[in-house]
Amino acid sequence: MPQTLIDWILFAAVMASTMGMAATTTKLGMALRGRAALDRRDIHAAYAFGVLLALSALLFLLVEGR
């Protein structure tokens with residue numbers, strides 16, 4: 001569990017990027033099935049949330065492990 005302020009900030013970034021990634025990929029999946037309109041911004045948002053998730057998770061593991 002996070003102990004310091006930096007750990008909590010990175011933990012919150014992981015949680016926020018996970019929720020954003022889930023929402024955008026759900027909408028993209030619905031767009032592929034024809035149930036929602038495809039928006040180009042959703043693709044960019046999914047990439048951005050994915051990068052944020054990977055970086056924040058990596059930093060969290062490095063900072064938490066010391």
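Here, every reference points to the structure presented above.
How each quantity is defined
- Residues numbered from 1 in each chain as written.
- Predicted model: local features only at pLDDT ≥ 70, side-chain atom pairs only at ≥ 80, totals over all residues.
- Heavy atoms only, no water.
- Salt bridge = Lys/Arg side-chain N within 4 Å of Asp/Glu carboxyl O.
- Helix = DSSP H or I, 4+ residues; strand = E, 2+ residues; numbered from the N terminus.
- Buried < 20%, exposed > 50% of the residue type's maximum accessible area, 1.4 Å probe, protein only.

**Student:** How should I be thinking about the pattern of salt bridges in this particular structure?
**Tutor:** Summed over the entire model, instances satisfying the criterion amount to 2 salt bridges. Here D42 makes a salt bridge to K27, at a shortest N to O gap of 3.2 Å. Residue D42 is found in helix 2 (residues 40–64), and its partner K27 is found in helix 1 (residues 5–32); the two are separated by 15 residues along the sequence. The class for D42 is buried, based on a relative accessible area of 12%. A relative accessible area of 33% places K27 in the partly exposed class. The partner of R41 in a salt bridge is D39, with the nearest N and O atoms 3.0 Å apart.

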